[in-house]
Amino acid sequence: MKKHIQTGLSILVFASLVLSACRAAREAAGSQVTVSIVYGSEKREWLEPLVEQFNNEKHQTPNGATIVVEATPMGSLESIALMLEGQLQPTVWSPASSVYVPVANAEWRKKFGNDLVTGTPNDLALSPVVIAMWKPMAEALGWPDKPLGWADVATLATSNEDWAAYGYPEWGEFKFGHTHPAFSNSGVVSILAGVYAGANKQRDLTLDDIHNPQVAEFVAEVQGTIIFDGSSTAFFAERMFKNGPFYLSAAVLYENLVVAQETKRLAAREILHWTPEQVPIVAIYPKEGTFWANNPYILVNAPWVTDEQKAAAEAFEQFLLDKPQQLKALEVGFRPADTSIPLTSPLDAEHGVDINQPQTILEAPKAEVIQAAQSLWSR
Amino acid sequence: MPRLINWILFGVYALTVISVLAASLISPAFRAVAYAPVRELILPPPEPITINLLYSTEKEAWLEEVIPLFEASELTVDGRSVVVSAKKMGSREMYLAVLNGEETPDLISPASSLQIAILQDQSPDVFGRPIVNMADTASCRSLLRTPLVVVAWKERAEALWGPSLSGDLWKRLHDVVVNPQGWDVYGHPEWGYVKFGQTNPLTSNSGFQAILLMTYAYLGKTDGLTSADILSNDGYQKWFLDLQRAIPEFGNSSGTYMKDMVAFGPSKYDMIVVYESAAIEQAANAIGRYGELHVYYPPTTLWSDHPFCVLNTDWVTSEKARAAQVLLDYLASDPTQRIAMLKYGYRPVVSGVSLHDRGSPFSQYARMGLQAEVPSVALQPPSGAVLNTLLDFWARNVQP
């Protein structure tokens, strides 16, 4: 009897060892690594379905961990402020553009002693910063034959004239808007464009320019008329498109948001037939030059990012740069980073854009100049 | 009696087989003559010879394609197969890593002989002797060639210098990039300021070559550059630094820089200095985008000759050196060179591959300005010490 008990116990011990070994193996195989991404909201329409697709495909790191991507849209500058305060610890930061990277690095150095952004991050998709304007209004100003720019719009916004001067009294005042420059990339580049216009420059913007009383006065005068709303460009654009020409005449947006809106409008027109509310919108490429949203994919240089997360983040980056995903970027209105993809529909006049534009850019200033320009915005 | 002879013959045969097998164990060179079924049954497979190769990033795509072909070709050295452990790196980073001991490669291949000249100059301080010698064709071989060219959006380039580049290219470019009026001077205010670009000379060979080209152009020389030319000539320093400081953004790699030119169009770069091969790689993508992209050959140029040099160091055994030669022979073979020309736009170093071969990008994109015969005068690079002086001068005064 004793012998039977001993045998039975031995079998139980052996079985439990086998079971626990199997479980350990299963757990190892079933481990997962999370890549958290904060990104500029202007690429939400492109990224959201791709994140879902990538997660459903159960991609793995070289170590066998299943990759889970968690992506949150947020104002490009708002996210860096939260990272600096320690409230946000993402693996990847993908702002709308690289313009603010020197400021992010400068602030990061002050706090952590090194740069937040190292190396040369890859661009995910491209889109120029444009002045989005309702097409009838743009035409009233002479578009597309007459080139328009930052200074023209600022003059319109600050003048006592309203649309009556252009034969459309029913449109009321000229209302121009952009996002908040403390939180959003398009907001800060709007301020920089205003400063450039005030200084009558296209490059080499200096602190002296910012401190020039004439420039400060010009910026303050424009600021007094600006309608600004929110910390994120895509949400601001949604509000503009929803509320129509009486809410805003024009706003600083990205080209892809104009294309996306026009795609929706044209689809609705086909299904629902034309209604007066569906006013088309066009992209105006400022004649003095503009900035590009290059949507860099930045693996943050922070202690909380593990090697496994880096590997996982690189796998997701490669997925986004692969041709099928780049083609989807084109579908939603971006100019793909993959140059083997031609710039075809919907990047066309029917969708309110011109792929031969912009003709020139404004130079991205140094960190201290950007911060000084931001400080001109006192609200 | 016949039976005895049979036994003797069998004995000799058996002895021979055993001897060959024993010899194969000592030297894998005998392996090939050993009786195959017995060999495979008894002998352990010989250890392959591994060549550690450091190569510059420009030729990554070509090497990633041809190294597996080389390894599959079953070429051997003393009966041992050869495998390549290849690592890409910036050309300058490469020689610095060898000098500071971070890397111990058997074979290095920077983008041009400029880096070999610097390594030749600086290695005696570390190793007691030069570890490379470009003049020694037994250890250093150039395997790909491509000249430095100016790639520009045609409409803008022609506004600046007409249908072809003139001798005063750099002077004209300097004057327009430093002029705050920019393109307005040429009647095109809508193009903004003139956006000329090159890569960072500290991270990329094409940027290094570009600053050397400009230096020679200002001084009116084609060879014999000295450190005094760089350090003691106020006129040159002002001219050179004004030009460099007007460059809006230095790229870190030639390939990415060229790709950006196509991706962003003339709004970001009007013209850049880059390799002809990089321009060819993006030629198909540029068609129908932002206007016509054109390749211009400057009056004088520098060639990237992609030398492959076996290092004269303690860790490179004679076996590895011979294996490296087998690899270099393979890379210099017609089929491998043809891949480099047809797919990656490099000029071959063998006569068996012609730029006029069927499918050649030089014919396909001739409308872009590509020319089989390079019209530029080739400059003679100065010594490694002078090259280093120029790099240091740039790093002190321009580095972003």
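Residues numbered from 1 in each chain as written. Chains lettered and ligands numbered in written order. Predicted model: local features only at pLDDT ≥ 70, side-chain atom pairs only at ≥ 80, totals over all residues. Heavy atoms only, no water.

Caption draft 1: Seen up close, the overall build of chain B. When helices and strands are counted, chain B shows 16 helices and 13 strands. Considering only C-alpha atoms, chain B reaches an extent of 110 × 50 × 30 Å along its principal axes. Burial statistics for chain B: of 400 residues in total, 52% are counted as buried. In chain B, 73% of the contacts between residues at least 6 apart in sequence involve partners at least 24 apart. In the form shown here, chain B has an accessible surface area of approximately 16,900 Å², with 55% of it arising from carbon and sulfur atoms. For chain B, the distance from the average site of its 30 positive side-chain charges to the average site of its 40 negative ones is 3 Å. (Helix = DSSP H or I, 4+ residues; strand = E, 2+ residues; numbered from the N terminus. Buried < 20%, exposed > 50% of the residue type's maximum accessible area, 1.4 Å probe, protein only. Contact = heavy atoms within 4.5 Å. Areas by Shrake-Rupley, 256 points an atom, 1.4 Å probe, with all protein chains shown as cover. Lys, Arg positive; Asp, Glu negative; His and termini not counted. Charge placed at Lys NZ, Arg CZ, Asp CG, Glu CD.)

Caption draft 2: Here's a closer look at helix α6 (residues 150–158) of chain A. Residue and element names in this part refer to chain A. Three or more residues of α6 are buried, namely Trp-150, Val-153, Ala-154, Leu-156 and Ala-157. What you see down the axis of α6 is that its buried residues fit within an arc of 160 degrees, all on one side. Tucked into the core, α6 has its buried residues touching β5 (125–134), β6 (176–178), α7 (185–199), α9 (213–223) and β8 (250–254). (Arc of directions from axis to C-beta.)

Caption draft 3: Local environment of the packing of α7 of chain A against helix α14 (residues 367–376) of chain A. Residues and elements named next belong to chain A. Across the interface, α7 lies against α14 with an axial gap of 9 Å and an inter-helix angle of 90 degrees. Taken together, the axes of α7 and α14 lie roughly perpendicular to each other. Facing α7, whose interface residues are Val-188, Ile-191, Leu-192 and Val-195, α14 presents Ile-370, Ala-373, Gln-374 and Leu-376. Residues of the contact of α7 with α14, tallied by class, amount to 7 nonpolar, 1 polar and no charged. (Axes fitted to C-alpha atoms, helices over the stretch in contact; angles between N-to-C directions. Parallel < 35°, antiparallel > 145°, perpendicular 65-115°, else oblique. Nonpolar A, V, L, I, M, F, W, Y, C, P; charged D, E, K, R; others polar.)

Caption draft 4: Quick look at the interface of chain A and chain B. Every contact between the two is made by 25 residues of chain A and, on the other side, 25 residues of chain B. For the chain A and chain B pair, buried surface summed over both sides reaches about 1,900 Å², with 48% attributable to carbon and sulfur atoms. Considering only the side of chain A, the residues that lose the most area to chain B are Arg-203, Thr-339 and Gln-359 of chain A, jointly responsible for 36% of the buried surface there. Put simply, chain A and chain B have 0 salt bridges between them. Seen at the junction of chain A and chain B, the total is 15 residue pairs in polar contact (both at pLDDT 80 or more). Of the residues contributing to the side of chain A that touches chain B, the split by class is 10 nonpolar, 9 polar and 6 charged. (Buried area = accessible area lost by both parts, 1.4 Å probe. Salt bridge = Lys/Arg side-chain N within 4 Å of Asp/Glu carboxyl O. Polar contact = N/O pair within 3.5 Å; in protein donor to acceptor, adjacent residues only side chain to side chain.)

Caption draft 5: Region of the structure containing the side chain of Glu-58 of chain B. All names here are of chain B. As for its placement among the helices and strands, Glu-58 is situated in the loop between β1 (49–56) and α3 (60–72). Buried within the structure, Glu-58 lacks any salt-bridge partner; its nearest side chain of opposite charge belongs to Lys-59, at an N-O separation of 4.9 Å. A polar atom in the side chain of Glu-58 sits 2.7 Å from the side chain of Ser-56. A distance of 3.2 Å separates a polar atom in the side chain of Glu-58 from a polar atom in the side chain of Tyr-275.

Caption draft 6: Quick look at the sheet that holds strand β5 (residues 140–142) of chain B. Residues and elements named next belong to chain B. Pairing within the open sheet is mixed, and its 6 strands lie in the order β2-β3-β1-β4-β12-β5. Each end of this open sheet is capped by a strand with a single partner; those strands are β2 (76–77) and β5. Of the strand pairs in this sheet, β2 and strand β3 (residues 80–89) are connected by 2 bridges, and their pairing is antiparallel. Along β3, the bridge assignment pairs Val-77 with Arg-80. Across the sheet, α3 lies against β1, β3 and β12 (307–310), angled at about 170 degrees from β3, the strand it touches most. (Pairing = 2+ DSSP bridges.)

Caption draft 7: Structural context of the state of the cysteines. Residues and elements named next belong to chain B. On inspection of all chains with the given rule, the structure shows 1 disulfide over all chains. There is a disulfide in this structure between Cys-140 and Cys-309, and the S-S distance comes to 1.9 Å. Across the S-S bond linking Cys-140 and Cys-309, the dihedral sits near 120 degrees, which makes this disulfide right-handed. Of the two residues, Cys-140 sits in strand β5 while Cys-309 sits in strand β12, which places them 169 residues apart along the sequence. One exposure class covers both Cys-140 and Cys-309, and it is buried. (Disulfide = S-S within 2.5 Å.)

Caption draft 8: Focus on the confidence of the model for chain B. When pLDDT is averaged along chain B, the result is 91, and 93% of the positions lie at 70 or above. This complex was scored by the predictor with a pTM of 0.86 and an ipTM of 0.88. (pLDDT = per-residue confidence, 0-100.)

Caption draft 9: Structural view of the environment of Pro-365 of chain A. All names here are of chain A. Residue position: Pro-365 is located in the loop between β12 (335–336) and α14. Taking C-alpha positions, Pro-365 is 7.1 Å from Asp-204, a pair spaced 161 residues apart along the chain. When sequence neighbours within four positions are dropped, the list of residues in contact with Pro-365 reads Leu-192, Tyr-196, Leu-205 and Ile-370.

Caption draft 10: Structural detail: the sheet that holds strand β1 (residues 32–39) of chain A. Residues and elements named next belong to chain A. Ordered by their spatial adjacency, 5 strands build an open sheet running β2-β1-β3-β11-β4, and the pairing between neighbours is mixed. Pairing within the sheet leaves two strands with one partner each, and these edge strands are β2 (66–73) and β4 (122–123). Direction of pairing for β1 relative to β2: parallel, over a ladder of 8 bridges. Residue pairing across strands places Val-38 opposite Thr-72, the latter belonging to β2. Each of β1 and β2 touches helix α2 (residues 44–56); the most contacted strand, β2, lies at about 160 degrees to it.

Caption draft 11: Spotlight on the pattern of salt bridges. Taken as a whole and assessed by the stated rule, the structure comprises 27 salt bridges over all chains. Of the charged contacts in the structure, one is a salt bridge between Arg-203 of chain A and Asp-204 of chain A, with a shortest N-O distance of 3.9 Å. The exposure class assigned to Asp-204 of chain A is partly exposed, which follows from its relative accessible area of 44%. Note that Glu-249 of chain B and Lys-268 of chain B form a salt bridge whose closest N and O atoms lie 3.6 Å from each other. In this pair, Glu-249 of chain B sits in the loop between α10 (234–245) and α11 (254–264) while Lys-268 of chain B sits in the loop between α11 and β8 (271–275), placing the two residues 19 residues apart along the sequence. Sharing partners across several salt bridges, the network here consists of Lys-154, Glu-292 and Arg-367 of chain B.

Caption draft 12: Geometry of the packing of aromatic side chains. All names here are of chain B. Overall, the coordinates contain 27 aromatic pairs over all chains when judged by the stated rule. Ring plane angle 40 degrees and centroid distance 5.1 Å describe the contact between Tyr-218 and Trp-239, whose orientation is recorded as tilted. Taken as a pair, Tyr-218 in helix α8 (residues 205–219) and Trp-239 in helix α10 lie far apart in primary sequence, 21 residues in all. By relative accessible area, which is 35% here, Tyr-218 ends up partly exposed. Ring plane angle 20 degrees and centroid distance 5.4 Å describe the contact between Tyr-236 and Phe-240, whose orientation is recorded as stacked. (Phe/Tyr/Trp six-rings, centres within 6.5 Å; stacked < 30°, edge-to-face > 60°.)

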